[in-house]
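Here are the chains, one letter per residue:
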Amino acid sequence: MSKKLRVRFAPSPTGALHIGGVRTALYNYLLAHKLGGTFILRIEDTDQTRFVEGAENYILDSLKWLGIMPDEGIGVGGPHEPYRQSERKELYKVYADELINSGKAYYAFDTSEELDAMRAIYESKGSAFQYNALTRVKLKNSLSMSEQEISDLIASGMPYVIRLKVPAKAEIRFQDSIRDWVHVHTSSIDDKVLMKSDGMPTYHLANVVDDHIMEITHVIRGEEWLPSAPLHILLYQAFGWQPPQFAHLPLLLKPEGNGKLSKRDADLGGFPVFPLEWKDPQTGTISKGFKQEGYLPSAMINFLAFLGWNPGTEQELFSLDELISAFSLERINKAGAKFDVNKAKWFNEQYLKLQDVSTLAVQYLPDLPKKEAESFVHLFLDRITFPQELGEKVKEFTELPTIYEEAVVLNKWNEESQKGLQVLKESLPDLELWEADSIKSFIHVKLEEAGIKMGKVMQMLRVALSGNGAGPDLMISMELWGKEQVLLRLTHAIDAFNKR
RNA sequence: GGUCCGUUCGUCUAGGGGUUAGGACACGUCCCUUUCACGGAUGAAACACGGGUUCGAUUCCCGUACGGACUACCA
């Protein structure tokens, strides 16, 4: 009998949640729901210096917006409360002491300055300093000092950290769901700090302890954690615990050039990297959010799911439920994926077209009569990427044109089109039924009577009425403008063209 | 520098010892539409390089190159 699947998303509240973190959360959510497991949200706030006010709520709001809320943890509670590591501080101390007592960890009294100095010396010799089996005997710690010295130091209030005593010669190996076997020799791992001098655990300790206590079965996290995974394995071994199954996700890379996606790329490329708009409480700087830009949650989910994973079929559009049933860790890619905002836009267009017309009308054109608003939605829906463009389109549509597309006027304003517009200006007032189809046949008839080819006039008519050479269906547009408005626009335009 | 991870069209990717190397985005052309957009069709576009193994390698192995991550009392 295998244990019930439990996964966790464990961000730090150091600012807005990055889109890569959102994808990590998504994959955790998908796996949990696929296998009937539990998706846990834990906050890793062991670095008090980097804590940012509001970040935790931001994370929750983001997950809520996307519809991938946790089943347990921050915001929902559960059997392992608290889910905020800063509130579990005492717990980690117990486990660190256990390691001290079993000889798997030791106290170290070196100051940051001393260590920095060591690093500088090594660097000047062209090598890198490591706090490990080779160097620890020469440094200030409980392995190099007598028991008396140690207890005196601790009693005197000398700050200390607790470090893991990494074995000198051992091969660490573990099987990653995405990368298969990963081997690392302990000689390349240093004696990482487990407890900081402020009494807080480091990520490594807190993470392993919590994952064990919370009975996490699968750790799905970003590839940036791959190098420290062997250390975590060592920690599990030191405690005598069974490590969870690891899956290290490929990174999200910047769209152009090299490197991982950063906020700077977003500013440069004019797209967001955060799910929601974020105002930095310290600097007051506001960063764009996908939500505010007009991305739909369904589009974001679909887009993000496909950045590093695919179902192996040719289906591209997946609802969250479809993703849940199609998802598997085995189909996650190894290589990093460049973030392509064009693809994100395409997904948004696809999902926008699937939206309910009357809902869009109410939401984005609230000042218009419902029926009219819905007509506008129909008119513009497949010409926009973001729903809020609806308002801009309608505004542009409703305003009288003041400039006329020059290239078209230059090409198409001639004797024949002039005569055609004149004919329409004079005859259109007679049209009783002001509706797209009848407008169309009326124009057809009137022009034919005057011996003018429709094709010679239509584009000029469009420019005359809208100012643009291209746009939505002209007959429907005329219906929406109304007879009076059309005649007004026509008169204005003919005057303007004649003055040229 | 060291350690680890990776590399199929511009981008996201499918595939996998013998394939016309497939799809999607973006781009071009055509059709639809008296415009544009949508939609449809179509085109251009890829196995990083060098060695093995093999009858045969893009696929397996090894190197090289390139890219990435990590290398804090940050996560």
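Quantities reported herein were computed from a predicted structural model and do not represent experimental measurements.

About the cut-offs
Along each chain, numbering runs from 1 in the same order as the chain's sequence is written. Numbering of ligands from 1 and lettering of chains from A proceed in the order in which they are written. Where local features are concerned, this predicted model is filtered to residues with pLDDT of at least 70; where side-chain atom pairs are given and counted, the filter is 80 or more; whole-chain, interface and lining totals use all residues. Hydrogens and water molecules were not included; the side-chain quantities draw on all heavy atoms of the structure. Numbering of helices and strands starts at the N terminus; helices are DSSP runs of H or I of at least 4 residues and strands are runs of E of at least 2. Here the term buried applies to any residue with accessible area under 20% of the maximum for its type, exposed to any over 50%, and partly exposed to those in between, with areas from a 1.4 Å probe on protein chains only. For the purpose of charge, His is not counted, nor are the chain termini; Lys and Arg are scored as positive and Asp and Glu as negative. Each reported salt bridge corresponds to a side-chain nitrogen of Lys or Arg within 4 Å of a carboxyl oxygen of Asp or Glu. Any two residues whose heavy atoms approach within 4.5 Å are treated as being in contact. What makes two strands pair is DSSP finding at least two bridges between them. Convention adopted: a line fitted to C-alpha atoms gives each axis, helices being fitted over their contacting stretch, and angles between N-to-C directions are expressed from 0 to 180 degrees.

Moving on, we come to the side chain of Arg462. Within the fold, Arg462 resides in helix 19 (residues 454-466). The buried charged residue Arg462 lacks any salt bridge partner; its closest oppositely charged side chain belongs to Asp473, at an N-O distance of 6.5 Å. Excluding residues within four positions of it along the chain, Arg462 makes contact with Gly467, Asn468, Gly469, Ala470, Gly471, Pro472, Asp473 and Leu474.

On to the sheet that holds strand 4 (residues 105-108). The sheet built from 3 strands is open, its strands ordered 4-5-8 with antiparallel pairing. Lying at the two open borders of the sheet, with one neighbouring strand each, are strand 4 and strand 8 (193-195). Taken pair by pair, the neighbouring strands of this sheet meet at an average axis angle of 45 degrees, ignoring direction. Taken together, the 2 bridges between strand 5 (residues 161-164) and strand 8 define a ladder with antiparallel strand orientation. Bridging from a neighbouring strand, Arg163 pairs with Val193 of strand 8.

Turning next to unusual backbone geometry. Here the bond from Glu81 into Pro82 is cis, since omega is -5 degrees, no more than 30 degrees from zero. Relative to the elements of secondary structure, Pro82 occurs in the loop between strand 3 (72-73) and helix 3 (89-101). The residue Asp180 is not glycine, and still its phi comes out positive at about 65 degrees. For Asp180, the position within the fold is in strand 7 (residues 180-185). Backbone geometry places Glu215, a non-glycine residue, at a positive phi of 55 degrees. As for its placement among the helices and strands, Glu215 is situated in the loop between helix 6 (203-213) and strand 9 (218-222). Classification of Glu215 by relative accessible area gives partly exposed; the value is 43%.

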